[in-house]
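# Observations on chain architecture
Each chain, written out:
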Amino acid sequence: MITLPPDPNLTALRLELARLRSERGWTYDNLADRTGLARRTLIEIEQGRTIGSLKTWHAIAHAFGVPVDHFINRLCEGHEPPAEPAG
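These lines cover the structure that appears in this document, whether it is placed above or below. (Residues numbered from 1 in each chain as written. Predicted model: local features only at pLDDT ≥ 70, side-chain atom pairs only at ≥ 80, totals over all residues. Heavy atoms only, no water.)

### Observations regarding helix α2 (residues 28-35)
The condition that has to hold: The buried label goes to any residue with under 20% of its type's maximum accessible area, the exposed label to any with over 50%, and the partly exposed label to all in between, with areas taken from a 1.4 Å probe on protein chains only. Put simply, DSSP marks the helices as runs of H or I at least four residues long and the strands as runs of E at least two long, and each gets a number from the N terminus on. This arc describes the spread of directions from the helix axis toward the C-beta atoms. Whether two residues are in contact is decided by their heavy atoms: any pair within 4.5 Å suffices. Pairs of N or O atoms are called polar contacts if they sit within 3.5 Å, as long as, within protein, a hydrogen donor faces a hydrogen acceptor (for residues adjacent in sequence, only side-chain-to-side-chain pairs).
Looking only at α2, the buried set comprises Tyr-28, Leu-31, Ala-32 and Thr-35. Taken end-on, α2 shows its buried residues confined to a sector of 105°, consistent with a single buried face. On its buried face, α2 is in contact with α1 (10-24), α3 (39-46) and α4 (54-64). The opening residue of α2, the one whose side-chain oxygen lies 3.3 Å from the backbone nitrogen of Asp-29, is Thr-27.

Here it is, written out as structure tokens:
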């Protein structure tokens, strides 16, 4: 029997975006200027109406000065991430 992975925690992902933006006191316009992304795109991601692409999250991570896996790791919040393969 195949065990499917749990659903990604998209709420934790968008909440981390909101937390970092708020922590820095940035508006959506500030973040848009720093990422080159549309203000509307950032609002829709943070409000959970869209997920964004990997390229989008890469731009967001660079704006905050964090590695992209800072956000990607949030997808496993609430469940055990997959084990690293034995080398």
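### So, α3
Residues of α3 that are buried: Leu-42, Ile-43, Ile-45 and Glu-46. For α3, the buried positions fall inside an angular range of 165° around the axis, keeping them on one side. Among the structural elements, α1, α2 and α4 are those in contact with the buried residues of α3. Just downstream of α3 lies Gly-48, where phi reads positive at about 80°.

### A closer look at the packing of α1 against α4
Relative orientation and spacing of two packed helices are given, respectively, by the angle between their axes and the distance between those axes. Threshold: For helices, the fitted line uses only the C-alpha atoms of the stretch in contact; every axis is such a line through C-alpha atoms, and the angle between N-to-C directions lies from 0 to 180 degrees. Each angle gets one of four labels, with under 35 degrees taken as roughly parallel, over 145 as roughly antiparallel, 65 to 115 as roughly perpendicular, and the rest as oblique. Each crossing is labelled by how the near helix is turned from the far one, with a counterclockwise turn of less than a right angle marking it left-handed and a clockwise turn marking it right-handed. Any residue that is not Ala, Val, Leu, Ile, Met, Phe, Trp, Tyr, Cys, Pro, Asp, Glu, Lys or Arg is counted as polar, Gly included; the first ten are nonpolar and the last four charged.
Running from N to C, α1 and α4 cross one another at 30°; their axes reach a closest spacing of 11 Å. With respect to α4, the element α1 is oriented roughly parallel. Handedness of the α1/α4 crossing: left-handed. Together, Leu-13, Leu-17, Leu-20, Arg-21 and Arg-24 of α1 and Trp-57, Ile-60 and Phe-64 of α4 make up the contact between the two elements. Classifying every residue of the contact of α1 with α4 by side-chain character gives six nonpolar, no polar and two charged.

### Thoughts on the pattern of salt bridges
We apply this condition: Here, a salt bridge means any Lys or Arg side-chain nitrogen found within 4 Å of an Asp or Glu carboxyl oxygen.
Tallying each qualifying case throughout the model produces seven salt bridges. Here Arg-74 and Glu-16 are joined by a salt bridge, their closest N and O atoms 3.5 Å apart. One end of the pair, Arg-74, is in the segment after α5 (69-72); the other, Glu-16, is in helix α1, with 58 residues separating them in the sequence. For the pair Arg-74 and Glu-16, one class covers both residues: buried. For Asp-29, the salt bridge identified is with Arg-39, shortest N-O distance 3.2 Å. Linking Asp-29 in helix α2 with Arg-39 in helix α3, this pair joins segments that are 10 residues apart in sequence. A single salt-bridge network, built from bridges that share partners, covers Glu-16, Arg-19, Glu-23, Arg-24, Arg-74 and Glu-77.

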